[in-house]
Amino acid sequence: MKKLLALAITAAAITAGGAHANGSPYSPGLVYGWAGVGAQNSGVRFVAFGMPKSTIVAAVRARDGHVMKSTVVRGFYGVPLVSYDGTAGGLSGDGKSLVLASYGPLPGEAGETRLIVLNTKTLSVVRSVVLRGSWSYDAVSPDGSQLYLVEHIAAGQNPRYRVRSFDLRADRLIPGAIVDRIDRLAIMGGQPVTRATSSDGRWAYTLYAREKREPFVHALDTVRREAFCIDVPLELAQPLQMELRLRLAGDGGTLGVRHFRETVAVIDTKTFGVRRT
Amino acid sequence: MKKIRTTLLLVLVAATFAATAGAQKGLPATTLIGGKGVLAPDGTHRYVALTTGRQTLVSVVRVHGGQVVRWLYVRGFVGVPVVGEDGTTDGISRDGRTLVLAGTPEGRPNDRVVTSFAVVDTASLRFRRVTFPGTWAYDAISPDGTILYLIEYENYGRTPTYRVRAYDLAARRLLSRPIVDRTIGERLMRGWAVTRATNSTGRWEYTLYARQGSAPFVHALDTVQQRAYCVDLPLELRRPGQMRLRLVLRAGELAVRSAGETVAVVDTRSFVVQRR
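Residues numbered from 1 in each chain as written. Chains lettered and ligands numbered in written order. Predicted model: local features only at pLDDT ≥ 70, side-chain atom pairs only at ≥ 80, totals over all residues. Heavy atoms only, no water.

Asker: Quick question: what am I supposed to make of the sheet that holds strand S18 (residues 217–222) of chain B here?
Answerer: Two modes of strand pairing occur in sheets, parallel and antiparallel, and in both the strands are linked by backbone hydrogen bonds. Residues and elements named next belong to chain B. The antiparallel open sheet is built from four strands, whose spatial order is S16-S17-S18-S19. The outermost strands of the open sheet, each flanked by one partner alone, are strand S16 (192–198) and strand S19 (227–232). The mean angle between the axes of side-by-side strands here comes to 20°, regardless of whether they run parallel or antiparallel. Pairing of strand S17 (residues 204–210) with S18 involves six bridges; the strand directions are antiparallel. Note that in S18 the partner of Trp204 across the bridge is Asp222. (Pairing = 2+ DSSP bridges. Helix = DSSP H or I, 4+ residues; strand = E, 2+ residues; numbered from the N terminus. Axes fitted to C-alpha atoms, helices over the stretch in contact; angles between N-to-C directions.)

Asker: Quick question: what am I supposed to make of the domain arrangement of chain B here?
Answerer: The extent of an interface is frequently quoted as the accessible surface area lost upon association of the parts. Residues and elements named next belong to chain B. Entries for chain B in the domain assignment read domain 1 (1–179) and domain 2 (182–276). Listed by partner, the interface residues are 26 residues for domain 1 and 30 residues for domain 2. Taking both sides of the interface into account, the surface hidden between domain 1 and domain 2 amounts to around 2400 Å²; carbon and sulfur atoms contribute 54%. Together, Arg94, Tyr162 and Ile179 form the three largest contributors to the area buried by domain 1 at its contact with domain 2, with a combined 24%. Summed over the shared surface of domain 1 and domain 2, the result is three salt bridges. The closest approach of N and O atoms between Asp86 and Arg246, which form a salt bridge, is 3.9 Å. (Domains from an automatic or database assignment. Contact = heavy atoms within 4.5 Å. Buried area = accessible area lost by both parts, 1.4 Å probe. Salt bridge = Lys/Arg side-chain N within 4 Å of Asp/Glu carboxyl O.)

Asker: How should the interface of chain A and chain B be read in this particular structure?
Answerer: In this assembly, 33 residues from chain A lie in contact with 30 residues from chain B. Taking both sides of the interface into account, the surface hidden between chain A and chain B amounts to around 2300 Å²; carbon and sulfur atoms contribute 64%. Where chain A touches chain B, the interface holds zero salt bridges. Across the contact surface, chain A and chain B share eight residue pairs in polar contact (both at pLDDT 80 or more). (Polar contact = N/O pair within 3.5 Å; in protein donor to acceptor, adjacent residues only side chain to side chain.)

If you want it as structure tokens, here you go:
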């Protein structure tokens, strides 16, 4: 089953030139080609292409489309998507580290998930992480020393998972989950809809949609390994929650929750107080 | 041996900027991996080849933004053709519909060497392979993408000697006669392609060649009428000086420039040369 899934994912990525190639039933998945990740501040985007036995990683200059550097790594990796609106992740706030991920097995099935960390200057692989089970990329600290991962416990309509951290310098998984500092919850549920990241790359704000419940924002401090779950008081069915977007404003002091062009709620990023608008 | 081959491939891949030299010693650089690739005639996209050595990925990159919007896989090694030592790339027809990627000659010295090209329909991203026995390189393509011009090398040592050949892409056949300068009838050409200028319709390709012990010349190729003219440039320059020459096209004339200064002008109708 696992092999079949991997084959299907590989085939999809290889044949679907020009399309997002998401083969994960439990996470936003990976992206091949297209916008990759980066380009906003650095002017460079990093793009991955799945080849039959390897991955080509290219650094593309955004202002003229020149491929400045490329490399081939063994294995099948893609740029991780962190939410279902197609937001990509993997680039550290200092722009020096790029994390690429593979698809793991279905939650509960045997197998392993692989991630690699590349030096963005040389595109050389500086770290390889292999974890048993079903994992996906969540975030990386601004200096590239801490990797945040989602450990998938159950997939389906009501997925369950926990956020874990991996110390890339010590090359070890930190025991225990990143627990919500407000509700002390370790196991989370919901679908990641969209993400906003603070300008320094420290805070990752992810809005999750839930069935029969209001959405919430998971605020992850990637420096201090802390997380805060903030319920957003909106009476919206899950499909409508999937249309919500986040926008940081006021130098990162407020996080606007938007439904198309309308701001429907505002979160104070210091107190995590929520105001409906 | 397999390890060595893999290492070599990885080294090849890592050298993204380098125009990859041909497989035979002395053959001029013929393909580009990564880098600028070749720009589509409308300037909105560029085609960039990336390779694992065994597989080549041809990416369609948006010029403004750098997003890779489409791509295709080609088995084997092919790259964007380099048509001058100054790094000028080509391979796209003026109508933007046909992209030609060049392989490097394959085969061991005592075996039969073959050279392959991938001809890509840019709309569908489907391609077909065209293979020739011997050592060949891309030269040009007609504006409508029907005729492919190739360089067939006879010798690729210190001074390469070669012929320009035409391949009818629609009829899938190599035209038997080489493209020769009608005025002098010389079938075999010598020299190193230094730089190129193309007219606005994509019909005329002006390539400046450097020669050891002779003056440089401009090869003017009419890619529509399948004819060529060799225009000797009365410049007393040694080969390194010839390698620094560049071409600039402006209304009805082709300026030959050295270090920003025009040193000769070729009338593109009469092919009369004036030294400056």
